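Structure assessment
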Amino acid sequence: MTSKPAKPLNLFDCATSQKVIGQEKFLDAFKTILNHGGYAQGPETRELDQKLAAYSGTKFSATCGSGTDALTLALMAWGVKQGDAVFVSSFTFVASAEAPVLLGATPIFVDSDPETYNMNPKDLEKAIEEVKKEGKLNLKAVVAVDIFGSPCDYDAIIEIAHKNGMKVLSDSCQSYGSVYKGKKAGSIADMSATSFYPTKPLACYGDGGAVFTNSEEENELVKSCRVHGMSPEDHYDNVRLGMTGRMNSFQAAVLLQKLTVFDQELKDRYRVASRYDNELDSYFRKQRILDNCSSAYALYTINCDDRDELMAFLKENGIPCGAYYPRPVHTQTAYAKWNNRSLPVCEKLSKTVLSIPMTPYLDNEDLDYVISKMNEFAQMKKSKAA
Ligand SMILES: *Cc1c(COP(=O)(O)O)cnc(C)c1O
């Protein structure tokens, strides 16, 4: 019998890296900001832009206030507006769809692949044909979400989008650190948006985000929109509509510290994931990661038909877990008026998925316990069925 670990298990772990890095490093960096006084979009944010662009392998990074800001700023730079169709998967965190809706565009929800949980390119093609046939909306952009950190089928999605005159925005809010066929998140689609919210793979201690592009023109537009559409020449002339989208310097300072351990944390996420991949009973269907790709494992998510029962069983045994996401976006109240396509796969997924503890700081004893309890549940179910 594997016994319960002495310390409580976490679904996310926002605290341990502080000990690993050393709290005094954060305090020193905060003191520097208190002394220089550049609190909003100060020198730390510019240093972070350089480091993030280098890490992602993109020409430009523009840090901003959150992942939602990043998505909105990228779409603003493309001039997304009323009358535009923006295709987005429904099996995602609400912000992927909220950003185009805030700009007045119409979200067209696309179904998921049952194994990768990401946007199904076949259903994207179908949705595009439907919009074309209606002839009311302008085909504008695709928001491709890397759900739980696992890259989408970008080759297929980009080909379909470009063939139809659309840009692809990667919602990499959960996938910073992931790799798609040799390319790091940020550098795969036309533009990419990421989030540094505390539960994301690379996390700050509040809200933060970044927009990535290889186009100088797009980067300049994003930077202008981030400060109300300011002209780079005349700061009192706002030449377009924008928003307040700056990152605060304290969050940038946190991220500069967190970047120093990020690759090691990713390695530890792979260590945890590979134990789950190899040792969890086949009763649990695992999220499929595409060939030649690696997930950033924001979450480790399985799906099984007795999800709610499994969730109760794990919680009873002190194992934190969560159903991400229990409602696809098109079924949520504020989005009901765009609930006009059949999306059976994501509706089913929302009833069967479960995310189990995934942090770089789970040790072998923790994992022994989680795996043994999960497999105990599987055995129980299998013997009942036999
Ligand atoms: C977290 C998240 C966002 C939004 O990021 P915030 O920083 O919370 O605004 C957008 N899309 C996805 C898929 C996310 O997981």
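One structure accompanies this document, and this report is about it. Model, not experiment: these values are computed from the prediction. (Residues numbered from 1 in each chain as written. Predicted model: local features only at pLDDT ≥ 70, side-chain atom pairs only at ≥ 80, totals over all residues. Heavy atoms only, no water.)

**Some words on the overall build of the protein**
Filter applied, for reference: Only DSSP runs of H or I with at least four residues qualify as helices, and only runs of E with at least two residues qualify as strands; both kinds are numbered from the N terminus onward. Both definitions apply: the radius of gyration is a C-alpha atom measure, and the globule rule equals 2.2 Å times residues to the power 0.38. Any residue under 20% of the maximum accessible area for its type is buried, any over 50% is exposed, and the rest in between are partly exposed; the area is computed with a 1.4 Å probe on protein chains only. Residue contacts are defined here by distance: any two heavy atoms, one from each residue, within 4.5 Å place the two residues in contact. In short, Shrake-Rupley with a 1.4 Å probe defines the accessible areas, and a residue's cover is counted only from the protein chains shown. Counting rule for charge: Lys and Arg are taken as positive, Asp and Glu as negative, and neither His nor the chain ends is counted. Charge positions come from single atoms, namely NZ of Lys, CZ of Arg, CG of Asp or CD of Glu.
Each helix and strand in the protein was counted, giving 12 helices and 13 strands. Compactness check: the protein gives a C-alpha radius of gyration of 21 Å against a globular reference of 21 Å for 386 residues, within 12% of the reference. Expressed as lengths along the three principal axes of its C-alpha atoms, the size of the protein is roughly 70 × 60 × 35 Å. Buried positions account for 57% of the 386 residues belonging to the protein. By sequence separation, contacts in the protein at least 24 residues apart represent 73% of the contacts at least 6 residues apart. Here the protein displays about 16,500 Å² of accessible surface, and carbon together with sulfur accounts for 51% of that area. Each charge sign in the protein was given a centre, from 44 positive and 49 negative side chains, and these centres are 2 Å apart.

**Observations concerning the pattern of salt bridges**
Here is the rule: For this document, the term salt bridge refers to a Lys or Arg side-chain nitrogen within 4 Å of an Asp or Glu carboxyl oxygen.
For the structure shown, the criterion picks out 20 salt bridges. Close ionic contact of E115 with R288 constitutes a salt bridge, the shortest N to O distance being 3.2 Å. On the criterion of sequence distance, the pair formed by E115 in the loop between β3 (106-110) and α6 (121-134) and R288 in the loop between β10 (285-286) and β11 (293-294) is long-range, its members being 173 residues apart. Overall, E115 belongs to the partly exposed group, its relative accessible area being 46%.

**A word on the sheet that holds strand β6 (residues 179-180)**
Heads up, the condition is: Any two strands between which DSSP finds at least two bridges are classified as paired.
One open sheet accounts for 3 strands, arranged β7-β6-β11; its pairing is antiparallel. The open sheet is flanked by β7 (183-184) and β11, the only strands paired with a single partner. The sheet contact formed by β6 and β11 spans 2 bridges and is antiparallel. Residue V179 lies in a different strand from β11, and its bridge partner there is S294.

**As for the site of the ligand**
Note the cut-off: The criterion for a residue being near a molecule or strand is simple. One of its heavy atoms has to lie within 4 Å of it. N or O atoms within 3.5 Å of each other form a polar contact, as long as, within protein, one can give a hydrogen and the other can take it, and as long as residues adjacent in sequence are counted only when both atoms are side-chain atoms. Amino acid classes used here: Ala, Val, Leu, Ile, Met, Phe, Trp, Tyr, Cys and Pro are nonpolar; Asp, Glu, Lys and Arg are charged; the rest, including Gly, are polar.
The environment of the ligand is formed by 14 residues, the closest being G67, T68, Q174, S195 and K200. Between an oxygen atom of the ligand and a side-chain N or O atom of Q174, the distance comes to 2.7 Å. Here an oxygen atom of the ligand and a side-chain polar atom of S195 are 2.6 Å apart. Coverage of the ligand by the protein chains reaches 93% of its 380 Å² of free accessible surface. Put simply, the parts of the chain that give the shell around the ligand at least two residues each are α4 (67-77) and α5 (95-102). When residues in the shell around the ligand are grouped by element, the largest group, 3 residues, is from α4. Split into classes, the residues belonging to the shell around the ligand amount to 5 nonpolar, 7 polar and 2 charged.

**Notes on the nonpolar core**
Condition: The definition of a nonpolar core used throughout is a set of buried Ala, Val, Leu, Ile, Met, Phe, Trp, Tyr and Cys residues joined through side-chain atoms within 4.5 Å.
Counting 43 residues, the largest nonpolar core has L73, L75, F91, F109, L169, M191 and V211 as the members making the most contacts within it. Looking at this core, the elements that each hand over two or more residues are β1 (60-64), α4, β2 (84-89), α5, β4 (138-145), β8 (191-195), α8 (216-226) and α11 (344-352). Ranked by residue count, the leading element in this core is α4, at 7 residues. The contact partners of V211, leaving out residues within four places of it in the chain, are F60, S61, A62, C64, A70, L73, A74, M191, S192 and V222. One finds F284, I356, L367 and V370 within the second-largest nonpolar core, a separate group that totals 28 residues.

**A look at the packing of helix α10 (residues 307-316) against helix α12 (residues 364-385)**
The line we're drawing: Inter-axis angles, ranging from 0 to 180 degrees, are taken between N-to-C directions of lines fitted to C-alpha atoms, where helices are fitted over the stretch in contact. Angles are sorted into four bins: roughly parallel if under 35 degrees, roughly antiparallel if over 145, roughly perpendicular if 65 to 115, and oblique for all others. The sense of a crossing depends on the near helix, which, turned anticlockwise from the far helix by less than a right angle, makes the crossing left-handed and, turned clockwise, makes it right-handed.
Two elements in contact, α10 and α12, have axes whose closest approach is 10 Å; the angle formed by their N-to-C orientations is 135°. Between α10 and α12, the angle is such that the two are oblique. For the pair α10 and α12, the sense of crossing is right-handed. Contact residues: α10 offers E309, L310, F313 and L314, while α12 offers K373, M374, E376, F377, M380 and K381. Tallied by class, residues from the contact of α10 with α12 come to 6 nonpolar, no polar and 4 charged.

**A few points about α11**
Residues of α11 that are buried include every one of C346, L349, S350 and T352, and no others. Buried residues belonging to α11 abut β12 (300-303), α10 and β13 (353-356).

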